[in-house]
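# Survey of secondary and tertiary structure
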Amino acid sequence: MAQSNRRKQPTIEREHALHLLKEMLRIRRLEEKCVELYTAAKIRGFVHLYIGEEAVAVGTMQALEPEDNIVATYREHGHALARGVSANAIMAEMYGKLEGCSRGRGGSMHLFDAATRFYGGNAIVGGGLPLAVGLALADKIAGRPQLTACFFGEGAVAEGEFHESLNLAALWNLPVLFCCENNLYAMGTALSRSESETDICLKAAAFEIPAWPVDGMDVVAVEGATRRAATAVRGGGGPHFLEYRTYRFRAHSMYDPELYRDKQEVAEWKKRDPIPNLLERLKQQNLSQEEDWTRMEAEVAREIEQSVEFAEAGKWEPVEELTRFVYSEAPTDVQGSKFNVQSPRPTP
Amino acid sequence: MSTEMIKTTYREAIRAAIRDAMLRDERVFLMGEDVGRYGGCFAVSKGLLDEFGPERIRDTPLSESAFVGAGIGAAMGGVRPIVEIMTVNFSLLALDQIVNNAATILHMSGGQFNIPLVIRMTTGAGRQLAAQHSHSLEGWYAHIPGIKVLTPATLEDARGMLWPALEDPDPVLIFENGLLYNMEGELAADAGPVDISKAAIRRPGQHISLITYGGTLFKTLAAADELARDGIDAEVVDLRILRPLDTEMIVDSVTRTHRAVIIDEGWRSGSISAEIMARIMENAFYELDAPVARVCSVEVPMPYPKHLEDAAIPQVPAIVAASRRVVTGHE
């Protein structure tokens, strides 16, 4: 069958396209600011940058509803921002300030936000998957229609918790959307050096979970695939699995000399940078003018600068509060809207 | 004051507690390996599947990490799971979820997400189950801030600790000593929830404090009876809760008796018994008339043959001998 070499691209509506572009740009500039602030010793600890992978978080979040739950990894700045956690709250968290989205307790790897149902920021590879299964189980028991989106890297497929969780989600037909961000390297270990079977979708298929790969460098493709999967999950179709094929342009963390991959490979992937590629595509389709980009850059720069000012002006949690929240301070049922069922009291 | 008493067992008391919790709150459900069709590895949940159905008495695959983690997620999602793990040894397969998630998320999230989860598991030796089904690691769990550790020994506690554990907004681990399941006794027909914040004095005495919990409580009470025949009046303190430890009651007792022996089926190195000794030293050093002693399990993996297993865990004669030594300076 004769096929055109020219890639067929779906047309996108201008406002939505600019929104996608801006969301990716916000993540890119936030991450670049993190590098700067890390060098300036304003941010400490482990910091894992999302540069190169922005299309995955941005595209995925378009398909999620406010009631859905998100479980993310330690490379989650982008997910939090795209989900609606403010740049201020994220930056303050990186600073370790009280105004941070986790009160400064978690730092870069542990962004939490109840308002957007963002359940971390989990820094044990694979450890978030059982939590996602449980959140989905609670929704199923309560008869709520939402799904739980669970992000993890391809490194997590080597963990037992990955297999246990996929099995449980499939066995109980739970509304989990498994979002595997395959950036080819688990820290410094290439997929082919750690897995006997490198086709990740096959692993999901072994649990009878519908799974398919997605071009993770194309935000429109990510959004489309995620919508399709999310619709199936919401329709009672049980867990679905997407493998987003992506690439991290920067080092694993701030302590990574990148001895495990060659510069040519990085350069090749950078040609597929989701941000300039989308911009170029919009220009070709006459959906964007140069001034859109200029305006967007200025708005994002202002937002990120303001987040730094916000974090700088933030307060340190008083040392006297160190032991707060080891245990709860208030009865569960009055603590938040998520616990809206009154617990019956014991009869005397 | 007279209450109707019924004959029951520790196993039945726990089953009654689960049943009661399920009836009180429709958010409560039980999940674990073989809790449903099989009726529970130790028959604790026998009959509950018929009454409550498979959604609420939920059999799981042999995936401790996933179903414990799912319990954490479900608890965050607003339901009230009781997760059963067959034995404390198997709980090691779920340590990541218990230690890295259940115990940390409230603090790490700045107080945003609490985990109202209850995990029940069997602990202890004495049933010739050898070195992978018999250990007493509850003291280990008591090391971890963010979780609570309950060790019901009496029928009242077996019946009464579950509901307050479920009402607790944070993760609670309940350790059921396997030797106690068949223990028979009388329990008030209307027995219900008990306090889960304080230790209890099970036998008042004035000469020595015998501090223990769980499976060794009854051996300790038997030892106290034997000591009484020699004129030694021992007080028996049942810790009931290993975290948070009721330091006040320990110190009060020792302050009255001036002597103490700690009886713990766990190993002694780096143990809860060591912690109790440390707290006595920190808080009641000048009250002591003799060094505090311990009767713990011998530091070996639990052997299978009965005579070796008996020799490995605390027994009445050892408790009596240690107590005599502390009181009289000789055996």
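Each helix and strand in chain B was counted, giving 14 helices and 14 strands. By the compact-globule yardstick of 20 Å for 331 residues, chain B fits well, its C-alpha radius of gyration being 20 Å. Overall size of chain B, expressed as C-alpha extent along the three principal axes, is 60 × 45 × 45 Å. Residues counted as buried form 58% of the 331 residues belonging to chain B. Of all intrachain contacts in chain B linking residues separated by at least 6 positions in sequence, the fraction that spans at least 24 positions is 78%.

Looking now at the packing of helix α11 (residues 247–257) of chain B against helix α12 (residues 272–284) of chain B. Axes are the key here: two packed helices are described by the angle between their axes and the distance separating the axes. Residue and element names in this part refer to chain B. For the pair α11 and α12, the least separation of the axes is 10 Å and the interaxial angle reads 65°. For the element pair α11 / α12, the angle class is roughly perpendicular. Read as a crossing pair, α11 and α12 show a hand that is right-handed. Counted together, Thr-247, Ile-250, Val-251, Val-254 and Thr-255 of α11 and Ile-276, Arg-279, Ile-280, Asn-283 and Ala-284 of α12 form the full contact between these two elements. Of the residues that constitute the contact of α11 with α12, the class distribution is six nonpolar, three polar and one charged.

What follows concerns the interface of chain B and chain A. On the side of chain A, 43 residues touch chain B, which itself brings 40 residues to the contact. Contributing elements (two or more residues each) for the side of chain B that touches chain A: α3 (64–76), α5 (95–102), α6 (105–108) and α9 (162–167) of chain B. The element best represented in the side of chain B that touches chain A is α3(B), accounting for ten residues. Tallied by class, residues from the side of chain B that touches chain A come to 16 nonpolar, 18 polar and six charged.

One finds A:Val133 and A:Cys150 to be the most contacted residues of the largest nonpolar core, which totals 195 residues. Both domains that furnish three or more residues to this core are identified here as domain 1 (5–188) and domain 2 (200–328) of chain B. The residues contacting A:Cys150, other than those within four sequence positions of it, are A:Val71, A:Gly128, A:Leu129, A:Ala132, A:Val176, A:Leu177, A:Phe178 and A:Cys179.

Residue and element names in this part refer to chain B. Taken in spatial order, the seven strands make up an open sheet running β3-β2-β4-β5-β7-β6-β12, and their pairing is mixed. Since the sheet does not close on itself, it has two edges, and those belong to β3 (57–59) and β12 (241–243), each with one partner. Between one strand and the next, the sheet's axes are offset by a mean angle of 20°, whatever the strand orientation. Bridge analysis of strand β6 (residues 148–150) against β12 gives two bridges, and the strand direction is antiparallel. Bridging across to β12, Val-149 finds its partner in Arg-243. With respect to the sheet, α3 is in contact with β2 (28–32), β4 (80–87) and β5 (118–123), its orientation differing from that of β4 by roughly 160°.

A word on the domain arrangement of chain B. Residues and elements named next belong to chain B. Once the domains are mapped, chain B shows domain 1 (5–188) and domain 2 (200–328). Just the C-alpha atoms count here: the centres of domain 1 and domain 2 sit 26 Å apart. With 23 residues of domain 1 in contact, the opposing surface of domain 2 contributes 23 residues. Of all the elements in the fold, those that place two or more residues in the side of domain 1 that touches domain 2 are α7 (138–141), β6 and β7 (172–177).

B:Pro244 follows B:Arg243 through a cis peptide bond whose omega is 0°. Here the phi dihedral of A:Asn173 falls at roughly 50°; this positive angle occurs in a residue that is not glycine. Residue position: A:Asn173 is located in the loop between α6 (160–171) and β4 (176–182). Judged by local crowding, A:Asn173 falls into the partly exposed class, with 13 C-beta atoms found within 10 Å. With a phi close to 80°, A:Leu184 is a non-glycine residue in the positive phi region. Here A:Leu184 shows up in the loop between β4 and β5 (185–186).

All names here are of chain A. Between its terminal C-alpha atoms helix α12 (residues 290–313) stretches 35 Å, which fits the 34 Å expected from 24 residues at 1.5 Å a residue. Listed as buried for α12 are Val-300, Ile-304, Ser-307 and Ala-311. On its buried side, α12 packs onto α1 (14–39) and α4 (87–95).

Attention now moves to the sheet that holds strand β1 (residues 69–72) of chain A. Residues and elements named next belong to chain A. Spatially, β2-β1-β3-β4-β8-β7 is the arrangement adopted by the six strands of the open sheet, whose pairing is parallel. Edge positions in the sheet fall to β2 (118–121) and β7 (211–215), since each has one partner strand and no second. Taken pair by pair, the neighbouring strands of this sheet meet at an average axis angle of 15°, ignoring direction. Here two bridges tie β1 to β2, and the two strands are oriented parallel to one another. Note on β2: the bridge partner recorded for Ala-72 is Gly-121. The strands touched by helix α5 (residues 128–142) are β1, β2, β3 (148–153) and β4; relative to β3, the strand with the most contacts, the crossing angle is about 170°.

On to the pairing of β5(B). All names here are of chain B. A large share of β5 lies buried, amounting to six of its six residues. Residue alternation in β5 divides its side chains into two sets, Val-118, Arg-120 and Thr-122 and Ile-119, Met-121 and Thr-123, and both sets are buried. As judged from the five bridges shared by β4 and β5, these two strands associate in the parallel manner. Directly across from Val-83, in β5, lies its bridge partner Ile-119. Here β5 pairs with β7 via six bridges, running parallel. Bridge pairing in β7 places Ile-119 opposite Leu-173.

Once that is clear, we can look at helix α10 (residues 217–229) of chain B. Residue and element names in this part refer to chain B. Over its 13 residues, α10 runs 19 Å from end to end, which matches the ideal 18 Å to within 8%, given 1.5 Å per residue. Within α10 the residues assigned to the buried category are Leu-217, Lys-219, Thr-220, Ala-223, Ala-224 and Leu-227. Down the axis of α10, the sector holding all buried residues measures 155°, keeping them to one side. When the buried face of α10 is taken as reference, the exposed residues oriented beyond 90 degrees from it are Asp-225 and Arg-229. Trailing α10 by a residue or two, Gly-231 shows a phi angle of about 85°, which is positive.

Take the confidence of the model for chain B next. Mean pLDDT over chain B works out to 97, with 99% of the residues at or above the 70 mark. Quick note on the complex model: pTM equals 0.94, ipTM equals 0.94.

Now for the environment of B:Glu64. Residue and element names in this part refer to chain B. Note on placement: Glu-64 falls in helix α3. Each C-alpha atom of the pair Glu-64 and Phe-90 lies 7.4 Å from the other, and the pair is 26 residues apart in sequence. Residue contacts for Glu-64: discarding those within four places in its chain leaves Ile-85, Phe-90, Ser-91, Leu-93 and Ala-94.

What follows covers the confidence of the model for chain A. Residue and element names in this part refer to chain A. Per-residue confidence for chain A gives a mean pLDDT of 92; residues scoring 70 or more make up 91%. Within the model, the stretch residues 1–6 combines pLDDT values under 50 with zero contacts to residues more than four positions away or in other chains. Taken together, the stretch residues 332–348 has pLDDT below 50 and engages in 22 contacts with residues farther than four places along the chain or on a different chain.

Reading the values: the criteria
Residues numbered from 1 in each chain as written. Chains lettered and ligands numbered in written order. Predicted model: local features only at pLDDT ≥ 70, side-chain atom pairs only at ≥ 80, totals over all residues. Helix = DSSP H or I, 4+ residues; strand = E, 2+ residues; numbered from the N terminus. Rg over C-alpha atoms; globule rule 2.2 N^0.38 Å. Buried ≥ 20, exposed ≤ 12 C-beta atoms within 10 Å, placed from the backbone. Contact = placed C-beta atoms within 7 Å. Axes fitted to C-alpha atoms, helices over the stretch in contact; angles between N-to-C directions. Parallel < 35°, antiparallel > 145°, perpendicular 65-115°, else oblique. Left-handed = near helix turned anticlockwise from the far one by under 90°. Nonpolar A, V, L, I, M, F, W, Y, C, P; charged D, E, K, R; others polar. Core = buried A, V, L, I, M, F, W, Y, C linked by C-beta atoms within 7 Å. Domains from an automatic or database assignment. Pairing = 2+ DSSP bridges. Expected span 1.5 Å × (residues − 1). Arc of directions from axis to C-beta. pLDDT = per-residue confidence, 0-100.

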